[in-house]
Amino acid sequence: MPRKKSDNKVPVVKLRWKLDPATLPFESTDDLEPLKEIIGQKRGVDAFKFGMGMNKPGYNVFVTGMPGTGRLATARKLLEAISKKEGKVPDDLCFFKNLDKKVREDGFALVDVQVGQVKRPEVMPLVDGNPTHIDQLEAMVEKGRFPKKEFETLKEKQVKLGEEIDQIFLELRDLQKGLQETVEKMDRVMFMKLATELTTPLRQKYEGKTIDTYFNDMLEDMAENLQIFASQPQQVIPGLPFMMPEGDRFQPYQVNLLVDNTEQKGPPVLVETHPTYRNLFGSIERIVDRSGVWRTDFSKIKAGSLVKANGGYLVLNLLEAVVEPGVWPALKRALKTKKMEIETYDPFYLFTTTGLKPEPIEMDIKVVVISDEYLYHLLLAYDEDLKKIFKVRADFDTVMEKNDKSVRQFAEFLKMKADEEKLKPFDRSAIAALLEQAVRMTGRQEKISTSFPVITDIIRESDYWAGEDKQSTVQEKHVDKAIESRIYRSNMIEEHIQEMIDRGTLMIDTEGEVVGQVNGLAVYNLGDFMFGKPSRITASTSMGRAGIINIEREADLSGNTHNKGILILGGYLRKKYAQDKPLTMSASIAFEQSYSGVDGDSASSTEIYALLSSLAAVPIKQSIAVTGSMNQKGEVQAIGGVNYKIEGFYDCCRHKGMFCENH
């Protein structure tokens with residue numbers, strides 16, 4: 001019976017989407033206006049704007065999406081636009097000592113003796129006109145150098161005079177204290193009168209309860225400590241050949257300006273690229289004084305980006321924040337309580353102390369956290385606070401619809417980048433080539449990639465090659481050169497694998513027919529580069545009851561998804577051939593010359609072809625390669641990485657001389 005021709009052949013012209021440059025309604029990017037809106041992320045942008053517009057607790061925004069989709073750039077652009085529109089600038093933030101005659105008549109002298117920091121008078125006998133301590137006089141009596149009787153008389157007089165002098169000293173000290181208090185009151189009244197007059201213009205300029213309280217407290221403290229403003233001698237440190245300068249007496253009354261929003265035109269927008277605890281929440285710095293003691297004061301309080309962005313918006317990367325000790329719990333606490341306390345945090349020291357506890361700062365801020373989907377769902381599962389403080393998720397897609405509007409927006413994006421980076425204009429052929437590359441990156445002909453950071457790199461490199469070609473505009477050949485150069489810089493491993501295939505080290509047949517042998521298609525992902533290459537899959541069958549043996553699994557080289565594909569393959573065989581009798585056979589399936597592990601179920605259809613070929617002894621053409629997963633019904637499912645797979649086998653066949661110029 002003649003074999004029926006398949007109706008599922010794909011015409012060659014449909015294998016790749018092409019854009020005719022003549023269909024574009026402009027000659028080059030010089031004919032376009034720069035792109036002003038954000039393209040390709042309507043869902044994420046709408047969610048972002050909603051979160052920023054909700055002035056309720058917990059409506060911070062969690063931006064998710066694959067790296068390379070422009071999450072940070074889009075968030076920054078949206079926030080800058082919102083900040084300009086609002087125009088409200090937050091407030092600045094700052095933190096805010098004829099007695100001597102009577103004694104001489106009795107044969108004594110009054111001598112001042114230093115006791116600690118106080119001088120007090122003491123009575124000493126006069127011997128030959130010189131004051132002598134009573135202990136020295138007693139020693140002279142013992143040596144016979146002073147009459148004992150006269151000593152006893154002097155000793156009795158000294159005791160009486162000492163009691164009188166002590167009483168007089170106490171009375172005098174009380175008088176001096178009263179006089180000092182009177183003088184201090186007069187100085188205080190004069191100071192308060194003059195200082196109040198001097199601070200009145202400042203009070204009028206900076207009105208507010210907090211400022212008024214600060215001035216009152218400052219003047220009150222100055223009035224209580226007027227002695228510190230008196231002229232004092234410079235301190236001399238023993239061993240140093242110079243005098244130490246006096247400290248700043250006004251330092252306690254200075255203002256520590258934590259945040260200065262003078263130059264702001266609207267709410268601040270901060271992107272914290274290094275979210276350590278100190279950078280994010282600030283710190284209280286400490287210094288070591290000359291005596292080796294740690295000291296600090298209010299002027300050492302430093303603000304972090306969370307405080308600097310207060311009244312505006314803060315953007316940070318979640319992965320960088322959660323790996324920093326203490327950052328994530330402190331951020332959650334600040335957002336939940338809407339208050340933040342600046343404190344010293346040194347996780348690598350056993351003891352951390354500070355003598356300061358600044359008052360809490362009221363927080364009015366929107367925080368935007370950027371992350372991938374995996375980390376978002378991980379936190380959602382294990383951190384119950386996430387849904388309370390990040391109520392809005394803005395999910396960024398990797399693709400957008402391909403239509404006339406998106407095509408024009410893509411061209412306007414090129415114009416915007418050309419203007420921003422002062423690049424050469426792109427003609428319509430270059431625009432068409434870039435669009436084709438953006439479509440290819442999605443693996444779907446009806447979509448355009450939104451990986452604009454990668455596309456921007458190709459734009460820059462195309463401009464470079466146009467410059468090397470001494471051209472004033474970027475053309476299609478320059479875009480092609482940029483793409484080819486990017487591949488060449490990264491595809492050394494691909495070339496080495498192809499060389500091994502060409503030499504026969506890796507055995508791949510592209511001609512003839514073989515029973516139980518099929519060319520499967522594998523994709524290698526090197527991180528910055530992906531490529532496809534064929535891999536020989538073989539099946540061996542015999543009578544027995546072992547079932548299907550997955551050699552890769554037995555050798556611990558099979559991933560979970562590949563194991564699933566083999567089990568589905570077994571399910572298909574049972575459904576197809578074992579409905580009225582048991583399926584008894586032994587079969588082994590292997591990826592030949594594979595030593596680094598196999599995963600993915602896209603080889604399951606390939607494996608069933610090899611298995612059926614071996615069972616039926618029907619050879620399979622080696623000029624074809626097969627890919628695609630299958631279900632238990634035998635249906636082949638969608639193919640992943642199809643561009644890399646087709647090109648990989650095509651290169652193998654081309655190197656073996658299978659194609660001529662007409663193909």
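Residues numbered from 1 in each chain as written. Predicted model: local features only at pLDDT ≥ 70, side-chain atom pairs only at ≥ 80, totals over all residues. Heavy atoms only, no water.

Chemist: Sorry, what's going on with the state of the cysteines here?
Modeler: With the rule as written, the count across this model stands at 0 disulfides. Between Cys653, a cysteine without a disulfide, and Cys652, which holds the nearest cysteine sulfur, the sulfur-to-sulfur distance is 6.7 Å. (Disulfide = S-S within 2.5 Å.)

Chemist: Explanation requested: the side chain of Glu494 in the structure shown.
Modeler: Examined against the element boundaries, Glu494 turns out to sit in helix α17 (residues 492-503). Residues within four places of Glu494 in sequence aside, it is in contact with Phe529, Phe531, Lys533 and Asp651. (Helix = DSSP H or I, 4+ residues; strand = E, 2+ residues; numbered from the N terminus. Contact = heavy atoms within 4.5 Å.)

Chemist: Sorry, what's going on with the packing of α17 against helix α21 (residues 642-655) here?
Modeler: A packed helix pair is summarised by two numbers, namely the angle formed by the two axes and the spacing between the axes. For the pair α17 and α21, interaxial distance at closest approach is 10 Å and the crossing angle is 45 degrees. For the element pair α17 / α21, the angle class is oblique. In this structure, the crossing between α17 and α21 has a hand that is right-handed. In this structure, α17 uses Glu494, Gln498, Ile501 and Asp502 to contact α21, whose residues at the interface are Asp651, Cys652 and His655. Considering only residue class, the contact of α17 with α21 consists of 2 nonpolar, 2 polar and 3 charged. (Axes fitted to C-alpha atoms, helices over the stretch in contact; angles between N-to-C directions. Parallel < 35°, antiparallel > 145°, perpendicular 65-115°, else oblique. Left-handed = near helix turned anticlockwise from the far one by under 90°. Nonpolar A, V, L, I, M, F, W, Y, C, P; charged D, E, K, R; others polar.)

Chemist: What am I meant to see in the environment of Leu280 here?
Modeler: Within the secondary structure, Leu280 is located in helix α7 (residues 277-281). Residue Leu280 is classed as buried on the basis of its relative accessible area, which comes to 0%. When the C-alpha atoms of Leu280 and Ala321 are compared, they prove to be 9.3 Å apart, with 41 residues separating the residues in sequence. (Buried < 20%, exposed > 50% of the residue type's maximum accessible area, 1.4 Å probe, protein only.)

Chemist: I keep staring at the nonpolar core and nothing clicks. Help me out?
Modeler: Within soluble globular proteins, side chains that are nonpolar tend to cluster in buried spots. Ranked by internal contacts, the top residues of the largest apolar core, which has 35 residues, are Phe410, Phe413, Ile431, Leu434, Leu435, Ile448 and Ile459. Secondary structure elements with two or more residues in this core: α13 (404-420), α14 (428-442), α15 (452-468) and α16 (476-490). With 8 residues, α14 is the single largest residue contributor to this core. Counting 33 residues, the second-largest nonpolar core is a separate cluster that includes Val307, Leu314, Val367 and Phe390. (Core = buried A, V, L, I, M, F, W, Y, C linked by side-chain atoms within 4.5 Å.)

Chemist: Before we go on, may I ask you to explain the sheet that holds strand β18 (residues 392-395) in this structure?
Modeler: Hydrogen bonds between backbone groups are what pair the strands of a sheet, and the pairing can be parallel or antiparallel. Taken together, the 5 strands give an open sheet; going across it, the order is β9-β14-β17-β1-β18, and neighbouring strands pair in parallel fashion. The sheet is open, and its two borders are formed by β9 (269-272) and β18, each paired with just one other strand. Between one strand axis and the next, the sheet turns through 20 degrees on average, direction left out of account. Relative to strand β14 (residues 313-317), β9 runs parallel, the two being bridged by 4 bridges. (Pairing = 2+ DSSP bridges.)

Chemist: When you look at the pattern of salt bridges in this model, what are you seeing that I'm missing?
Modeler: For side chains of opposite charge, pairing can occur when their charged atoms come near one another. All told, the structure shown has 26 salt bridges when counted by the stated rule. In this structure, Glu436 and Lys18 form a salt bridge, with 3.5 Å as the shortest nitrogen-oxygen distance. Close ionic contact of Lys424 with Asp463 constitutes a salt bridge, the shortest N to O distance being 3.6 Å. One end of the pair, Lys424, is in the loop between α13 and α14; the other, Asp463, is in helix α15, and 39 residues separate them in sequence. (Salt bridge = Lys/Arg side-chain N within 4 Å of Asp/Glu carboxyl O.)

Chemist: Would you explain the confidence of the model for the protein chain in this entry?
Modeler: In low-pLDDT segments, the atomic positions of the prediction should not be examined closely. Taken as a whole, the protein chain shows an average pLDDT of 80; of its residues, 76% reach a score of 70 or greater. Mean pLDDT per element in the protein chain: strand β7 (residues 243-244) is the minimum at 47, and strand β26 (residues 619-621) is the maximum at 95. Counting contacts from residues 97-103, a segment whose pLDDT is below 50, to residues more than four positions away or on other chains yields 16 contacts. When the criterion is pLDDT under 50, residues 240-245 qualifies, and its contacts beyond four places in sequence or with other chains add up to 8 contacts. (pLDDT = per-residue confidence, 0-100.)

Chemist: I'm lost on the packing of helix α19 (residues 560-577) against helix α20 (residues 604-616) in this one. Help?
Modeler: The contact between α19 and α20 brings their axes to 9 Å, and the two run at 50 degrees. The orientation of α19 relative to α20 falls into the category oblique. Remark: the crossing between α19 and α20 carries right-handed chirality. Contacts between α19 and α20 pair His562, Gly565, Ile566, Leu569, Tyr572, Leu573 and Tyr577 from the former with Ser604, Glu607, Ile608, Leu611 and Leu612 from the latter. Grouping the constituent residues of the contact of α19 with α20 by class yields 8 nonpolar, 3 polar and 1 charged.

Chemist: Would you explain a nonpolar patch on the surface in this entry?
Modeler: A surface patch of nonpolar side chains, amounting to about 310 Å² of accessible area, comprises Val10, Val12 and Leu15. In this fold, Leu15 is placed in the segment before α1 (42-53). Using a relative accessible area of 48% as the deciding quantity, one classes Leu15 as partly exposed. (Patch = residues over 30% accessible without salt bridge, like charges linked within 9 Å, V, L, I, M, F, W, Y side chains within 5 Å. Areas by Shrake-Rupley, 256 points an atom, 1.4 Å probe, with all protein chains shown as cover.)

Chemist: What is the right way to look at the sheet that holds strand β23 (residues 530-542) in this model?
Modeler: Spatially, the 5 strands line up as an open sheet ordered β24-β25-β23-β22-β27, and their pairing is mixed. Edge strands, defined here as strands with exactly one partner in the open sheet, are β24 (547-550) and β27 (625-626). Two strands pair when backbone bridges link them, and β24 and strand β25 (residues 586-591) are joined in this way by 4 bridges, in the parallel orientation. Note on β25: the bridge partner recorded for Gly547 is Ser586. Against the sheet, α17 touches β22 (517-525) and β23, its axis set at about 40 degrees to β23. Across the sheet, α20 touches β22, β23, β24, β25 and β27, and the angle it forms with β23 is around 30 degrees.

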